[in-house]
Amino acid sequence: MTGFAARDLAALRGERLLFRGLDFALPAGAALALVGPNGSGKTTLLRLLAGLSRPLAGEVLWDGVDIAGAAEAHRARLRYVGHLPGLKAALTATESLAFEARLLGAGAAAVTAAMTQFALAPLAALPLRVLSAGQRRRVALARLALAPAALWLLDEPVTSLDAASEARLWALCGAHLAAGGRLVVATHGAVPLPGLQRLDLADFAPGQAAAVEALS
Amino acid sequence: MKVLLALIGRDLRLVWRQRGEPLIGVAFFLLAALLFPFGVGPDTDLLRQIAPGIVWVAALFAVVLSLERPFHADHEDGTLEQLALTALPLPLLVLAKALVHWLTSGLLLVLAAPLIAVIYDLPGELLPVLLLALLLGTPILSLLGIVVAATTLGARRGSILIPLLALPLFVPVLILGVLAVEAAASGLPARPHLLLLAAGLLLALPLALLAGPAALRQALDEG
């Protein structure tokens, strides 16, 4: 079994079973959109796929190897942009991206290129505290352009983005997929990417009986 | 190693941008220590005698106040999950956080302590012992303290739990730190107490590097 796959995943949030029996397989160059109503477990699933949390049951596989047993290799191959921007309000966009570039072993040129990608040059010297939510999200998304990674996990990436930035994001994602990358994106909106698979989490929601069973 | 230095550099830069915070810690330390004469009266001999204890107790409170800094802000704004996804192993993250915490709290208290010693008229020959004890003891407080801070990350109003959980753990450091100065004051060698503090530091280091990452993993797992 090659590629990125999930097998029979189940997850709890608090004491509530969010989904169970969830399977998917994502070949290289493919994108997967996670859809479903609020609270159906999109963010939880993304965190499982990132290895930030552990599933209640099932496994996440990369080339047939459970990521729980190869955490370091999995971290090295993924970029995660979550709900929270993961940025420091007291730092500027340049400082934030330069710090992340150092962690990734990328150079100063990568920072400039990533800033250009999201038209951040005019905001470069401002502390993120004074930027708008959409501008901060652009800085958070610019980390995708710092260095290539095999897997991108995006949680509602277009929230508070303007149309131009949204177009830039999807163009960047398109290039990522064309280069053989994989993408999992949780969203309520349209994802204009070729070869998009959809996974509706409502299909894996447990019935009331199953929820009770999981708790007992 | 480069990653570790990058993180330490970023955190020091952040503290510098918000340099009011560590200064408030030092101000709290000085103020707390200076309140005691109002409480116990102006008996110079008594004050001289209790000075080491006061310095240590004030230092404990000042350190506890600053324990929210290492992880809580990073947890709230999502930088903790980003850091957890980098190549930096979690034990090194804990080590970097402990180091930055000590540099911006414990070390500043060591530098401020002579001021309190002068005000309490602590005999000059005792000051080096007090400072050495603080220099060995405050890193233990940072190491134990940030493990406690990490365990409270998931909890609601976790920052209130920090003093309750951390202060009891700090008691051995307090006792040894005060004993070292008292031994020197009564003409006995302070060395055994200082060596015990050093041993405590060597013990706290692996403990923090084992327990800290486990606590962080738990906090991240809960989202």
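Residues numbered from 1 in each chain as written. Chains lettered and ligands numbered in written order. Predicted model: local features only at pLDDT ≥ 70, side-chain atom pairs only at ≥ 80, totals over all residues.

This part takes up the overall build of chain A. Helices and strands together make up the secondary structure of chain A, namely seven helices and nine strands. The C-alpha radius of gyration computed for chain A amounts to 18 Å, which stays within 12% of the reference 17 Å derived for 216 residues, consistent with globular compactness. Considered along the principal axes of its C-alpha atoms, chain A spans approximately 55 × 35 × 30 Å. Within chain A, counting contacts between residues at least 6 apart in sequence, those at least 24 apart form 72% of the total. (Helix = DSSP H or I, 4+ residues; strand = E, 2+ residues; numbered from the N terminus. Rg over C-alpha atoms; globule rule 2.2 N^0.38 Å. Contact = placed C-beta atoms within 7 Å.)

In this section: the overall build of chain B. When you go through chain B residue by residue, the secondary structure sums to nine helices and zero strands. Ordered by position in the sequence, the α and β elements of chain B form the string α-α-α-α-α-α-α-α-α. Expressed along its principal axes, the backbone C-alpha trace of chain B runs to roughly 55 × 35 × 30 Å. Within the span of chain B, comprising 223 residues, buried residues form 43% of the whole. (Buried ≥ 20, exposed ≤ 12 C-beta atoms within 10 Å, placed from the backbone.)

Turning our eyes to something else, we now look at the packing of helix 8 (residues 158-185) of chain B against helix 9 (residues 191-221) of chain B. All names here are of chain B. At their nearest, the axes of helix 8 and helix 9 sit 8 Å apart, and the two run at 155° to each other. Accordingly, the angle class assigned to the pair helix 8 and helix 9 is roughly antiparallel. Seen along the crossing, helix 8 lies across helix 9 with a hand that is left-handed. The residues of helix 9 that touch helix 8, namely those facing Pro172, Val173, Leu176, Gly177, Leu179, Ala180 and Ala183, are His193, Leu194, Leu196, Leu197 and Gly200. Classifying every residue of the contact of helix 8 with helix 9 gives nine nonpolar, three polar and no charged. (Axes fitted to C-alpha atoms, helices over the stretch in contact; angles between N-to-C directions. Parallel < 35°, antiparallel > 145°, perpendicular 65-115°, else oblique. Left-handed = near helix turned anticlockwise from the far one by under 90°. Nonpolar A, V, L, I, M, F, W, Y, C, P; charged D, E, K, R; others polar.)

The next subject is the interface of chain A and chain B. On the side of chain B, 20 residues touch chain A, which itself brings 19 residues to the contact. Take the side of chain A that touches chain B: its biggest share by element is three residues, from helix 3 (residues 93-104) of chain A. For the side of chain A that touches chain B, the class distribution of residues is eleven nonpolar, three polar and five charged.

Turning our attention to the pairing of strand 2 (residues 16-26) of chain A. Both faces of the sheet carry side chains from a regular strand, because those side chains alternate between them. All names here are of chain A. Direction of pairing for strand 1 (residues 4-13) relative to strand 2: antiparallel, over a ladder of seven bridges. Along strand 2, the bridge assignment pairs Leu12 with Leu17. If you look at the hairpin formed by strand 1 and strand 2, you'll find two residues sitting between the two strands, and Gly14 has a positive phi there, around 65°. (Pairing = 2+ DSSP bridges.)

Residue and element names in this part refer to chain A. Spatially, the four strands line up as an open sheet ordered 2-1-4-5, and their pairing is antiparallel. In the strand order of this sheet, the two ends are held by strand 2 and strand 5 (65-66), each with one partner. In the sheet, strand 4 (residues 57-62) pairs with strand 5 via two bridges, with the strands oriented antiparallel. Within strand 5, the residue paired with Leu61 across the bridge is Asp66. Contacting strand 1, strand 2 and strand 4, helix 1 (residues 42-50) runs over the sheet at an angle of about 125° to strand 1.

The next subject is the confidence of the model for chain B. Put simply, chain B has an average pLDDT of 92, and 100% of its residues get 70 or more. Interface confidence in the predicted complex, given as ipTM, is 0.87; pTM for the same model is 0.89. (pLDDT = per-residue confidence, 0-100.)

An α-helical turn contains 3.6 residues, so a residue and the one three or four places further along point in the same direction. Residues and elements named next belong to chain B. In this model helix 2 (residues 20-40) runs 31 Å from its N-terminal to its C-terminal C-alpha over 21 residues, within 8% of the 30 Å that 1.5 Å per residue would give. On its buried face, helix 2 is in contact with helix 1 (2-17), helix 3 (44-65) and helix 6 (90-119). A positive backbone phi angle near 90° is found at Gly41, which sits one or two residues after helix 2. (Expected span 1.5 Å × (residues − 1).)

In this section: helix 9 of chain B. Residue and element names in this part refer to chain B. Over its 31 residues, helix 9 runs 45 Å from end to end, which matches the ideal 45 Å to within 8%, given 1.5 Å per residue. Maximal helix bending in helix 9 amounts to about 30°, located at Ala208. Turning to helix 9, its buried residues number three or more, namely His193, Leu194, Leu197, Ala204, Ala208, Gly212, Ala215, Leu216, Ala219 and Leu220. Against the buried residues of helix 9 lie helix 4 (72-76), helix 5 (79-84), helix 6, helix 7 (127-151) and helix 8. (Bend = angle between axes of the 7 residues up to and from the residue.)

Quick look at the sheet that holds strand 6 (residues 78-81) of chain A now. Residue and element names in this part refer to chain A. Spatial strand order, 6-7-8-3-9: five strands in an open sheet with parallel pairing. The outermost strands of the open sheet, each flanked by one partner alone, are strand 6 and strand 9 (196-200). Between one strand axis and the next, the sheet turns through 15° on average, direction left out of account. Bridge count between strand 6 and strand 7 (residues 151-155): four bridges; the pairing is parallel. The partner of Tyr80 across the bridge, within strand 7, is Leu153.

Of all hydrophobic cores here, the largest spans 130 residues; its most connected members are Leu97 and Ala142 of chain A together with Val55, Ala59, Ala133, Leu144 and Ile146 of chain B. Excluding its chain neighbours within four sequence positions, the residues that come into contact with Leu144 of chain B are Ala166, Leu169, Phe170, Ala204 and Ala208 of chain B. (Core = buried A, V, L, I, M, F, W, Y, C linked by C-beta atoms within 7 Å.)

So, on to unusual backbone geometry. Residues other than glycine predominantly adopt negative phi, and peptide bonds predominantly adopt the trans conformation. The phi angle at Asp8 of chain A is positive, at roughly 55°, despite the residue not being glycine. Within the secondary structure, Asp8 of chain A sits in strand 1.

It is worth spelling out the pairing of strand 7 of chain A at this point. Residues and elements named next belong to chain A. Strand 7 sits mainly inside the fold: four of its five residues count as buried. Sheet analysis places strand 7 next to strand 8 (residues 182-186), joined by five bridges and oriented parallel. Looking at strand 8, one finds that Leu153 is bridged to Val184. Regarding topology, helix 6 (residues 163-178) serves as the crossover connection from strand 7 to the parallel strand 8, and that connection is right-handed. (Right-handed = clockwise from strand over helix to strand, strands pointing away.)

Residues and elements named next belong to chain B. Where helix 6 meets helix 9, the closest approach of the two axes is 8 Å, and the angle between their N-to-C directions is 105°. Judged by the angle between their axes, helix 6 and helix 9 are roughly perpendicular. Of the residues in helix 9, those in contact with Leu90, Pro91, Val94, Leu95 and Ala98 of helix 6 are Ala208, Leu209, Gly212, Pro213, Leu216 and Arg217.

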